[in-house]
Every structure is written in structure tokens, then in C-alpha cells.
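What the coordinates show
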Amino acid sequence: MFYREAGQFKGSYAADQAIFTIPQDRVAMIVLLVAAFAGVPFILNDYWTQAILLPFLIWSMAALGLNILTGYCGQVSLGTGGFMAVGAYAAFKLMTAFPELNFIAVVLLAGLVTAGVGMFFGLPSLRIKGFYLAVATLAAQFFLVWLFNKVPWFYNNSATGQISVPPSYLWGLQVTGPETKPWAAYLFCLAFVCVFALAAKNIVRGRIGRMWMAIRDMDIAAELIGVRPLVAKLSAFAVSSFYIGMAGALYFAVWLGAAEPTEAFGINISFLVLFMVIIGGLGSILGSFLGAGFLVLLPILLKNGLVDGVGLLPVTAKHVEIATMGVLIIFFLIVEPHGLNRLWQIAKEKLRLWPFPY
Amino acid sequence: MEIVFGVFVSPFVQMWTDWPGFFLEVIISGLLTGVMYALVALGFVLIFKASGMLNFAQGVLALFAALTLSGLMDDYGVPGWLAIIITLFVMAGLAWLIERLMLRYLVNQEHIVLFMATIGLAYVLEGVGDILWGSDVKVLDLGIPQGASGWMMDTFGLYVEKLEIVAAVTAGILVAVLAVFFQKTRIGRALRAVADDHQAALSVGISLNTIWVIVWTVAGVVALVAGVMWGTKSGVQFSLSLIALKALPVLILGGFTSIPGAIVGGLIIGVGEKVAEVYWGPLVGGAIENWFAYILALVFLLFRPQGLFGERIIERV
């Protein structure tokens with residue numbers, strides 16, 4: 001009733017292959033984007049940006065990256081934290097070595113560096129798969145974090161071993177550093193995420209995406225019909241790491257401002273992003289956003305509910321929070337193993353049929 | 001040139017000049033650490049064999065067991081032997097709960113979903129364990145001898161930890177018991193049948209749910225042993241659960257489905273990382289233990305993807 005496809009005919013192949021074939025979807029998306037770009041910046045404050053919007057956007061970017069690799073190409077990776085560290089440190093080195101460099105270029109270059117590193121650590125995927133590969137990517141995770149801890153060149157020999165972001169400007173507007181206006185940081189991340197989400201959507205719809213999905217669904221059959229596993233797997237690792245590297249650069253430069261490898265890019269980060277991908281839905285772009293939103297908001301809600309609402313001690317609340325997260329993850333996997341994205345699809349189906357059950 | 005020399009020549013020269021005293025000590029301490037890794041890896045293998053599930057929660061299971069044990073002894077003053085028995089019952093109850101509340105509903109899901117579920121389980125156990133017993137570091141003292149073994153010191157002039165010898169003996173007994181259990185008992189045969197083919201096992205009347213409870217109980221017992229050993233060595237604290245991550249390269253090396261593989265893999269990883277840390281570590285600033293095991297496993301995988309004792313998977317189209 002509200003959401004009806006019947007009667008909406010497509011007159012051309014282009015219309016049939018559009019991302020949003022139904023006008024309602026298109027309109028909703030445009031309204032959402034206009035609101036995000038033109039509405040939200042006027043009402044947000046420091047807390048909203050720092051605690052909710054920036055983490056949401058940056059984790060979405062990381063989840064997009066991992067979803068390309070795990071969801072579309074079927075290669076499980078636990079090295080996300082390490083790759084984000086590569087992006088962050090590449091951004092740091094670029095910003096300190098070339099202070100004049102445009103910050104957009106910095107983020108893109110950081111992504112490219114990470115893509116190279118990701119391809120290198122993706123090489124074992126040509127020979128091993130499944131859990132074996134997951135453990136192999138753990139090697140990347142631990143090795144990279146160790147490297148950034150040990151080699152002083154990466155953190156410019158600073159005494160603390162931390163890296164902290166120098167201020168940078170875009171068209172006279174500060175986007176990194178402590179003086180940044182919340183809306184500037186928000187708009188910068190939003191623009192990046194929107195552009196690259198669109199790019200990801202189009203990559204996975206096209207030839208390359210189909211190649212990845214063929215490898216994911218059955219690698220031997222894919223090989224037989226002419227997909228080259230080398231090209232498919234390494235390109236998936238490259239594109240995925242590119243996104244994760246950009247996420248790492250934004251995470252460090254725009255959101256945190258300062259980072260220390262063991263804390264900021266530990267193994268927990270890898271798991272967090274993997275959770276986002278799984279809870280959002282493997283192999284869906286929308287799912288990456290839903291998963292990131294869910295896992296960003298959930299701890300905040302739990303914390304507010306437990307500490308302010310029930311009045312638990314913060315320490316106990318932390319433990320309860322961890323346990324509750326675990327319960328929710330198991331619950332989710334049991335109820336809807338295909339993730340939030342699937343729930344959204346079911347909701348759309350229901351709306352299509354409403355008010356009739358069949 | 002200096003680097004090439006440092007990598008390929010001087011460590012070996014050093015090993016030769018240290019021979020046999022220090023070098024043997026490094027090897028022995030590596031072997032004994034390896035036994036500890038193998039204890040954790042054993043739990044993984046058991047569950048992987050029976051359900052094809054990589055149980056990430058094994059490390060937290062060990063932590064939980066050690067927490068319960070030390071909590072019972074410290075907070076309630078229960079004597080050691082009784083505390084162990086109670087903990088065994090707790091682990092069995094936990095296995096039952098896990099089957100009831102989780103595994104039952106996850107039948108026929110993809111591997112990655114099962115894997116994620118066990119990570120969720122790890123979070124739950126960690127949270128609950130901390131709520132129940134507090135998160136401060138606990139000392140676990142069951143009367144296991146500690147410190148350097150005087151006999152080894154006097155006879156061979158070697159420094160060997162008593163605790164690690166106990167761990168090695170325990171691991172040996174555990175593996176022997178598990179081998180008998182798997183090979184000779186009815187339940188063991190059923191377990192192997194389930195591991196081989198779920199559907200075939202079901203069709204000859206083996207109850208998958210019961211088997212899972214048994215397997216998780218056995219894994220819980222193994223976790224308890226691992227938890228006791230690690231807890232005695234370095235105190236019962238959260239970092240114990242991270243040992244699970246160290247058990248993963250051990251599994252890769254040994255093959256996911258092989259109990260002897262877990263032991264051999266553990267020994268190789270233990271010796272490998274100790275030797276690398278002592279002789280090659282200083283070249284790059286030390287602390288390479290953190291990742292060396294993974295790189296070792298990775299290099300190994302490139303030559304033998306199924307691990308030392310793993311089942312060779314032949315794929316046909």
C-alpha cells in the first residue's frame with residue numbers, strides 16, 4: 001500500500017538497473033542526504049559530533065571496507081585494526097612531512113598506502129582460505145601494531161610514542177586539530193563516506209563485484225568460468241584496505257586527534273568492525289551503515305541506561321555492558337543471521353503487501 | 001651486509017658458543033611454554049572436531065574456570081579439592097546452558113556466524129565472570145610446586161620451572177585420557193562419528209545435542225586445566241583469555257582437527273618463538289614474540305595448507 005512496485009514501469013535498461021528503482025526509495029535517499037548535509041550541521045553540538053556522528057561515519061567507512069572483503073569476496077579478515085593503523089600512520093607521516101598537502105589528498109594517499117599493504121598481506125589468501133586465512137590476517141594485525149610501536153620513524157621519534165595530528169585546512173576551514181568546529185569535521189567525514197559508499201555500491205554492482213561474488217560463492221567454479229582468483233582476491237584486498245585505510249586516517253586525524261597503536265588499533269578494533277559487518281549484514285552496503293550505527297549507539301544507550309538510569313557503578317556497568325553486548329550478538333545471530341539489512345528487506349516486503357498478509 | 005650477518009650468521013654463532021647450557025635452557029623453556037599453549041589449543045580442537053566450529057571463547061572459558069576456582073577458594077574458603085569438583089560441575093552446567101541457549105538455534109549456520117557467536121559467548125563469559133568474581137588479579141594457589149627445579153639445576157645445571165614440568169606431565173596425562181576416551185568408549189566413537197558427518201551420525205541415532213553438551217563439558221575441563229596452569233603461573237587475570245589468540249597459530253600448525261597436532265604445534269610454536277625472541281629479537285628491538293608465532297604459522301601454511309596433521313581437503317567440481 002505504502003510501498004508499491006506495481007504500476008511503476010521501467011522504460012529503459014538504465015532505469016531498470018538503477019540503484020534505487022522505486023521513486024519512493026529515491027526520494028527518501030535524497031531527503032536523507034539533504035538533511036544530513038544541510039540540516040544536521042546547524043543543530044549538532046560537540047557531544048553529538050564526537051560521541052555519535054563521527055564514530056558512526058568512520059566506523060561505517062571501515063565496515064564498508066571489511067564488507068567488501070568479507071561480505072562480497074568471502075575472505076575473512078581479522079586484520080582490520082592493523083590496516084586502520086597503516087592508514088592513520090600514513091596520514092600522520094604525510095601531514096608532518098608535507099604540511100602543504102591538501103587534507104583530501106592526505107586521506108586518499110593514506111588509503112592507497114594501506115591498499116598496498118593490504119595486498120601484500122592478502123597474498124596468502126591465494127593459497128589458504130576460511131579460518132586459516134583469518135588467523136593469517138592476525139599476523140598482519142600483530143605485526144603492524146608491533147611495527148608502529150617499535151620503529152621511531154613512524155611516530156617521528158616523539159617521546160611518548162603517540163602520534164598527534166597537526167592542524168590542517170581546507171579552503172581556509174580547519175578540518176583537523178583541536179580547534180576544529182564540530183560541523184566542519186562532520187561535513188568532511190560525511191562527504192567522504194557518501195562519495196565512497198556510492199563508489200562501493202557501483203563497484204559491487206559491476207564486473208569487479210560480480211567477480212568477487214563468484215569467488216565467494218564457489219571459488220573453483222568461478223575459476224572454471226574464467227575468473228582469475230589472483231586478480232579477484234587481490235583486488236578485493238586492495239579495495240577493502242583502501243577503504244579501511246581511509247577510515248583509519250579519518251579515525252586518527254579527524255576524530256581522535258591523537259593515537260597510540262596498542263590502544264587505538266588493537267585486536268578489539270578488528271573484532272568490532274567484524275561485528276558491525278555481521279550484524280549489519282554480510283554483503284550489503286546498507287548493512288555496513290546499519291551495523292556501524294547499531295554498535296556505536298548500543299554502548300552509549302546501555303551506559304546511559306545502566307549508570308544514569310539504574311544507578312550502577314561505572315565499573316560494574318562496564319561488565320554488564322560487555323555481557324549484554326555478548327548476549328545481544330548471540331541473540332542477533334540466532335534471530336537473524338543475515339543481519340539488519342535483511343530485517344530492512346523484510347520490512348519492505350511487508351510494506352509492499354500491507355494491509356494484506358499475502 | 002651487517003644485517004645479513006646479523007640474521008644469518010651471528011645468531012647461530014651465539015647458539016654454538018652457548019652450547020649446551022643456555023641454548024638448552026631456551027629450548028626447554030620454549031617446549032614448556034609450548035605445552036601451555038597446547039593445553040589451550042586442545043580445547044579448540046575438541047570443539048572443532050565435533051561441530052566444525054572455531055571456538056573463540058576457549059580462552060575466556062579457561063579464564064572463567066580459573067576465576068571460579070580461585071573465587072571459590074578465596075571468597076568462600078572452600079578447600080582446593082572440593083573447589084575443583086565444584087568448578088567441574090560449573091563447567092558442565094555451562095556446557096549445558098551453551099547448548100540449550102545457543103548452539104541449538106545455530107544449527108546449519110555458516111561457519112563465520114558460528115565463529116561470531118562464540119566471540120559473543122566470550123563477551124558474555126567475560127562480563128559475567130567479572131561481575132561474579134571481580135576483575136582484580138587473583139592468586140591461584142593449589143599447592144602446585146613452583147620455582148626452579150633443584151634437581152635439574154644440580155644434575156644438569158639447567159634452570160627449569162617446576163610448574164612447567166607439572167604442566168607438561170598434566171598435558172601428557174590429559175592427552176592419554178582423551179585418546180582413550182575417543183578411541184575406546186562408546187561416547188568417543190559417537191563423537192568421532194559426529195565429527196565425520198553430522199547427518200550420518202543423526203541417522204544412526206546419535207543425538208547431536210547430547211554430543212555437543214559432552215564436547216563442551218570436556219572442553220570446559222580442558223579449559224579448567226589450562227586455566228589452573230596459566231593462573232598459577234601468572235595470576236588469574238583478563239590477559240589469560242588472550243592466550244586463546246596464541247593458540248590459533250598452534251592450531252594452524254597442527255591442523256584444526258588433530259589432538260597430537262595441537263601438542264606438536266604447541267611445542268613448535270613455543271620453541272620457535274622463544275628461540276626467535278632470544279637470538280633474533282635483539283636485531284629488531286625485541287618483543288617479536290607477539291607476532292612471530294603468526295608469521296611462522298603463515299609461512300608454514302604456504303607450504304602445507306592443511307597443517308601438519310590436518311585432513312587433506314580434496315576439492316572436486
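This one's a predicted model, so the numbers in the text were calculated from it and none came from an experiment.

Our next topic: the overall build of chain B. Helix and strand counts for chain B come out as 14 helices and 0 strands. When burial is assessed residue by residue, chain B has 52% of its 317 residues classed as buried. Put simply, 74% of the contacts in chain B that link residues at least 6 apart link residues at least 24 apart. A total accessible area of about 14,100 Å² is found for chain B, and carbon and sulfur atoms account for 67% of it.

What follows deals with the overall build of chain A. A tally of helices and strands in chain A yields 15 helices and 4 strands. Here chain A has a C-alpha radius of gyration of 21 Å; the compact-globule value for 358 residues is 21 Å, and the two agree. Considered along the principal axes of its C-alpha atoms, chain A spans approximately 65 × 55 × 45 Å. Taking the intrachain contacts of chain A between residues at least 6 apart in sequence as the baseline, contacts between residues at least 24 apart amount to 75%. Taken as a whole, chain A presents about 16,300 Å² of accessible surface, with 69% of it coming from carbon and sulfur. Mean positive and mean negative side-chain charge positions of chain A (21 and 15 charges, respectively) differ by 8 Å.

In this section: the interface of chain A and chain B. Tallying the contact residues gives 38 residues for chain A and 48 residues for chain B. Taking both partners together, chain A and chain B bury about 4,000 Å²; carbon and sulfur atoms supply 83% of that area. Among the residues chain A hides against chain B, the three largest losses belong to F131(A), Y132(A) and W146(A). Together they make up 19% of the total. Counting across the interface, chain A meets chain B through 0 salt bridges. Summed over the shared surface of chain A and chain B, the result is 0 residue pairs in polar contact (both at pLDDT 80 or more).

This brings us to helix 12 (residues 267-280) of chain A. Residue and element names in this part refer to chain A. Given a rise of 1.5 Å per residue, 14 residues ought to cover 20 Å, and the 20 Å separating the end C-alpha atoms of helix 12 matches this to within 8%. For helix 12, the buried fraction is high: 12 of the 14 residues fall into the buried class. Along helix 12, the positions that sit buried rather than exposed are I267, I269, S270, F271, V273, L274, F275, M276, V277, I278, I279 and G280.

Residue and element names in this part refer to chain A. Sheet topology places strand 2 (residues 168-170) next to strand 3 (residues 173-176); 3 bridges connect them, and they run antiparallel. The partner of S168 across the bridge, within strand 3, is T176. Between strand 2 and the antiparallel strand that follows it, strand 3, lie 2 residues; W171 among them carries a positive phi value of about 50°.

Here we take up the packing of helix 13 (residues 285-310) of chain A against helix 14 (residues 314-335) of chain A. All names here are of chain A. The contact between helix 13 and helix 14 brings their axes to 10 Å, and the two run at 135°. If you check the angle between helix 13 and helix 14, you find them oblique. As for the relative orientation of helix 13 and helix 14, their crossing is right-handed in sense. The segment helix 13 lies against helix 14, with F294, L295, L298, P299, L302, K303, L306 and V307 engaging P314, A317, V320, E321, T324, M325, L328 and F332. Taken together, the residues that form the contact of helix 13 with helix 14 break down as 13 nonpolar, 1 polar and 2 charged.

Residues and elements named next belong to chain A. As enumerated under the stated definition, the model contains 4 salt bridges over all chains in all. When the shortest N-O distance is used, the salt bridge between D217 and R216 registers 3.1 Å. Look at D217 and you get exposed, because its relative accessible area is 57%.

The description of an aromatic ring pair uses the distance of the two centres, along with the angle that the planes make with each other. All chains considered together, the criterion is met by 27 aromatic pairs over all chains. Taking 6.1 Å as the distance between ring centres and 80° as the angle between the ring planes, the aromatic pair formed by F92(A) and F252(A) counts as edge-to-face. Note that F92(A) is positioned in helix 4 (residues 80-97) and F252(A) in helix 10 (residues 229-256), a separation of 160 residues in sequence. F252(A) matches F92(A) in its accessibility class, with the two residues each being buried. Through a chain of ring-to-ring contacts, three or more aromatic side chains come together here, namely F83(A), F120(A), F121(A), F143(A), W146(A) and W291(B). In this structure, K93(A) is placed above the aromatic ring of W153(A), and the distance from its NZ or CZ to the ring centre is 4.0 Å.

All right, on to the UniProt feature "transmembrane region" (unreviewed entry) in chain B then. Sequence positions flagged by UniProt for "transmembrane region" (unreviewed entry) are, in local numbering, residues 22-47, 54-72, 78-98, 105-125, 165-182, 211-230, 250-271 and 283-303 of chain B. Segment residues 165-182 of chain B splits into 100% helix and 0% strand. End C-alpha atoms: 26 Å apart.

Taken together, W81(B), L82(B), I85(B), I86(B), F89(B) and V90(B) make up a surface patch of nonpolar side chains, about 560 Å² in accessible area. Looking at the secondary structure, you find F89(B) in helix 5 (residues 80-101).

Here we come to the environment of S240(A). Position of S240(A) relative to the elements: it lies in helix 10. A sequence separation of 125 residues divides S240(A) from A115(A), and the C-alpha atoms of the two residues are 7.4 Å apart.

All names here are of chain A. Structurally, N156 can be placed in the loop between helix 6 (131-150) and strand 1 (163-164). Since its relative accessible area comes to 32%, N156 is described here as partly exposed. Along the primary structure N156 and T96 are separated by 60 residues, whereas in three dimensions their C-alpha atoms are 8.7 Å apart. In this structure N156 touches F92, K93 and T96, once residues within four positions along its chain are discounted.

Residues and elements named next belong to chain B. Averaged over every residue, the pLDDT of chain B is 79; residues scoring 70 or more account for 85%. No element of chain B has a lower mean pLDDT than helix 7 (residues 150-156), which averages 63, and none a higher one than helix 5, which averages 87. Reported confidence for the predicted complex is 0.82 by ipTM and 0.87 by pTM.

Residues and elements named next belong to chain B. Between helix 4 (residues 58-76) and helix 6 (residues 111-133), the least distance of the axes is 10 Å, while the angle of their chain directions is 10°. Between helix 4 and helix 6, the angle falls in the class roughly parallel. Across from V60, L61, F64, L67, T68, G71, L72, D75 and Y76 in helix 4, the residues of helix 6 making contact are A122, L125, E126, V128, G129, D130 and W133.

Helix length check: helix 13 of chain A (26 residues) gives 36 Å between terminal C-alpha atoms against 38 Å at 1.5 Å per residue, within 8%. N-capping of helix 13 of chain A is provided by S284(A), with a side-chain oxygen placed 2.9 Å from the backbone N of G287(A).

Basis of the calculations
- Residues numbered from 1 in each chain as written.
- Chains lettered and ligands numbered in written order.
- Predicted model: local features only at pLDDT ≥ 70, side-chain atom pairs only at ≥ 80, totals over all residues.
- Heavy atoms only, no water.
- Helix = DSSP H or I, 4+ residues; strand = E, 2+ residues; numbered from the N terminus.
- Buried < 20%, exposed > 50% of the residue type's maximum accessible area, 1.4 Å probe, protein only.
- Contact = heavy atoms within 4.5 Å.
- Areas by Shrake-Rupley, 256 points an atom, 1.4 Å probe, with all protein chains shown as cover.
- Rg over C-alpha atoms; globule rule 2.2 N^0.38 Å.
- Lys, Arg positive; Asp, Glu negative; His and termini not counted.
- Charge placed at Lys NZ, Arg CZ, Asp CG, Glu CD.
- Buried area = accessible area lost by both parts, 1.4 Å probe.
- Salt bridge = Lys/Arg side-chain N within 4 Å of Asp/Glu carboxyl O.
- Polar contact = N/O pair within 3.5 Å; in protein donor to acceptor, adjacent residues only side chain to side chain.
- Expected span 1.5 Å × (residues − 1).
- Pairing = 2+ DSSP bridges.
- Axes fitted to C-alpha atoms, helices over the stretch in contact; angles between N-to-C directions.
- Parallel < 35°, antiparallel > 145°, perpendicular 65-115°, else oblique.
- Left-handed = near helix turned anticlockwise from the far one by under 90°.
- Nonpolar A, V, L, I, M, F, W, Y, C, P; charged D, E, K, R; others polar.
- Phe/Tyr/Trp six-rings, centres within 6.5 Å; stacked < 30°, edge-to-face > 60°.
- Lys NZ or Arg CZ within 6 Å of the ring centre and 35° of its normal.
- UniProt positions renumbered as here; feature names shortened; annotations may be inferred.
- Patch = residues over 30% accessible without salt bridge, like charges linked within 9 Å, V, L, I, M, F, W, Y side chains within 5 Å.
- pLDDT = per-residue confidence, 0-100.

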